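# Fold and geometry: a report
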Amino acid sequence: MSNRDATQQTSPFRRPGFVLAAGFVALVLVLAVVLVITGRGGQPSTTPTSPAPPPAATEAAGTGDCRLPDTDQTIPTTAPAGVTWSVFHTVAVPSSPTAGPAVVDGDVARCYAHTPTGALLAAWQIGIRYLVADDWRTVVAQQVMPGPGRDTYVRLRAQVTANSDQPGQYGQVAGFKFVTYTPQVAVIQLVSRFPTGSLQVITATVVWSDGDWKLQLQPDGSVSPSAQHVPSLAGFVVWGGV
C-alpha cells in the first residue's frame, strides 16, 4: 500500500488487517500501534469510572520534572498493583497514584515516576494518545522525543482523516514484557488483543527527558520496528483493563 493509497481512505484505523500485511510501508507502521491497543470488543468488562484525581506531585518549574512516590527500580514481573483504568477514545488506559500520570491537561497525560512502572504506564498512555487524541499535535509536541521520527509522523498523521471512535474499533492491551531498562531508556514489548481475539506485539521505547518519560519514534515515524502476531501470552505479564 502506498502513502497515497492510505490517504484516500477515510479511516485506516478501522482495519485490523492494516497492520498485518507483509512489507509495512511508513504509514502502516505509524498507525499500526493504534490497532494494537484495545481488547475484546472495546468496552471494559466493568462499568467505566471517571479517572481518579491526579496524585500529588512536585513539579519543578520549567522542566516538567514530576516526583512521585514510586521509587522502586525493580522491573515488574507481575501486573503493577494499585492501577486503575479509564477509557480514552474507547481505549483502556492505566493510571497509578504512585507512578502516574499525575497531571492530565486536556489530551496530555504526563508526569510519570522515574521507575520501570512509570515507564510502562507512560509507554501505553502516550502510545495511545499521540495516535487517537483530538489534539494529537500537542501530545506529540510535549511527549514525543524530537527528531526525524517525530517529524515524519507529524507529516503522515496530518494526512489521515480519522472517523469517530466506535466500540471494538481498536485492540486492547493484554500484556507486557521489558526488553531492557535503564533510568534513561526503557524498551518494552506491549501485546494487544484485537476484537477477533488475535494477539499482536510491538516494541515501544520511552526516554527519560526533561523530567518525564517521552515516546521515542523510529526514523520512519513508527512507534515500533515491527508488529508481529503471537499465539498466546506465554512469556508476557498479563495486564489490561478489559
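Everything quoted here is computed from the prediction, not taken from an experiment. (Residues numbered from 1 in each chain as written. Predicted model: local features only at pLDDT ≥ 70, side-chain atom pairs only at ≥ 80, totals over all residues. Heavy atoms only, no water.)

### So, the overall build of the chain
Filter applied, for reference: Think of it this way: any DSSP run of H or I at least four residues long counts as a helix, any run of E at least two long counts as a strand, and we number them from the N terminus. Between buried and exposed lies partly exposed: a residue is buried under 20% and exposed over 50% of the maximum accessible area for its type, with that area taken using a 1.4 Å probe on protein chains only. Contacts are residue-level and defined by heavy atoms, with any inter-residue pair within 4.5 Å sufficient. Using the Shrake-Rupley algorithm and a 1.4 Å probe, accessible areas are obtained, with residue cover drawn only from the displayed protein chains.
A count of helices and strands for the chain gives 5 helices and 12 strands. In the chain, which comprises 242 residues, the proportion classed as buried is 54%. Of all intrachain contacts in the chain linking residues separated by at least 6 positions in sequence, the fraction that spans at least 24 positions is 66%. On the chain, roughly 10100 Å² of surface is accessible, and the fraction owed to carbon and sulfur atoms is 54%.

### Some details on the pairing of strand β7 (residues 172-181)
Note the following rule: Strands qualify as paired when DSSP identifies two bridges or more between them.
Burial runs high along β7: 7 of the 10 residues are buried. Where β7 meets strand β8 (residues 185-193), 8 bridges bridge the pair, whose relative direction is antiparallel. Note on β8: the bridge partner recorded for Lys177 is Gln189. Relative to strand β12 (residues 237-238), β7 runs antiparallel, the two being bridged by 2 bridges. In the sheet register, Phe176 faces β12, and the bridge partner there is Val237.

### A look at the environment of Leu156
When you line up the elements, Leu156 lands in helix α5 (residues 148-157). Separated by 64 residues in the primary sequence, Leu156 and Asp220 have C-alpha atoms spaced 9.8 Å apart.

### Topic: the pattern of salt bridges
We apply this condition: Whenever Lys or Arg places a side-chain nitrogen within 4 Å of a carboxyl oxygen from Asp or Glu, that contact is recorded as a salt bridge.
This structure, assessed with the given rule, holds 1 salt bridge. Two residues, Asp210 and Lys214, come together in a salt bridge whose shortest N-O distance is 3.6 Å.

### What to know about the environment of Gly106
Among the structural elements, Gly106 can be located in the loop between β5 (103-105) and β6 (108-110). According to the relative accessible area criterion, Gly106 is exposed, its value standing at 59%. As for Gly106 and Asp135, which are separated by 29 residues in sequence, their C-alpha atoms are 8.2 Å apart.

### Description of the side chain of Gln125
Tracing the chain through its elements places Gln125 in helix α3 (residues 116-132). In contact with Gln125, other than residues within four places in its own chain, are Val93, Pro94, Ser95, Pro101, Ala109 and Tyr112.

### Observations regarding the nonpolar core
Applied cut-off: Nine residue types can take part in a nonpolar core, namely buried Ala, Val, Leu, Ile, Met, Phe, Trp, Tyr and Cys, and a core is a set of them joined through side-chain atoms within 4.5 Å.
Counting 49 residues, the largest nonpolar core has Tyr130, Phe176, Ile188, Leu190, Trp213 and Leu215 as its most contacted members. At the level of elements, β4 (91-95), β6, α3, α4 (136-143), β7, β8, β9 (199-209) and β10 (212-216) are the ones that each hand at least two residues to this core. With 7 residues, the next largest nonpolar core counts Val191, Leu199, Leu233 and Phe236 among its residues.

### Section: the packing of aromatic side chains
So the rule is basically this: Any two of the Phe, Tyr and Trp rings considered here, Trp counted by its six-membered ring, make a pair once their centres fall within 6.5 Å; the pair's planes then place it as stacked at under 30 degrees, edge-to-face at over 60, or tilted in between.
Overall, the coordinates contain 8 aromatic pairs when judged by the stated rule. Measuring from ring centre to ring centre gives 4.6 Å for Tyr130 and Tyr153, while their planes differ by 40°; the resulting arrangement is tilted. Remark: Tyr153 occurs in helix α5 and Tyr130 occurs in helix α3; sequence separation between them is 23 residues. Pair check on accessibility: Tyr130 and Tyr153 agree, each one buried.

### Quick word on the packing of α4 against α5
We count it as follows: Orientation is described by axes fitted as lines to C-alpha atoms, over the contacting stretch for helices, and by angles from 0 to 180 degrees between their N-to-C directions. Roughly parallel refers to an angle under 35 degrees, roughly antiparallel to one over 145, roughly perpendicular to one between 65 and 115, and oblique to any angle outside these ranges.
Close contact between α4 and α5 brings their axes to 11 Å; oriented N to C, the two are set at 180°. By the angle class used here, α4 and α5 are roughly antiparallel. Residues Trp136, Arg137, Val140 and Ala141 of α4 form the contact with α5, whose participating residues are Arg150, Tyr153, Val154 and Arg157.

### Looking at the pairing of β8
With respect to burial, β8 is a largely interior element, 8 of its 9 residues being buried. Linking two consecutive strands that pair antiparallel, namely β7 and β8, is a turn of 3 residues. Two elements, β8 and β9, share 9 bridges in a ladder whose sense is antiparallel. From the neighbouring strand, Leu190 faces β9, where its bridge partner is Ile202. The antiparallel pairing of β8 with β9 creates a hairpin that spans 5 residues between the two strands, and Gly197 there sits at a positive phi of about 100°.

### Quick word on the environment of Asp220
Structurally, Asp220 is set in the loop between β10 and β11 (227-230). Residue Asp220 is classed as partly exposed on the basis of its relative accessible area, which comes to 29%.

### Some thoughts on α4
Heads up, the rule is: Each C-beta atom gives one direction from the helix axis, and the arc is the one those directions make.
Taken residue by residue, α4 has Trp136, Val139, Val140 and Gln143 as its buried positions. Seen end-on, α4 carries its buried residues on one side only, within an arc spanning 100°. On its buried face, α4 sits against β6, α3, α5 and β10.

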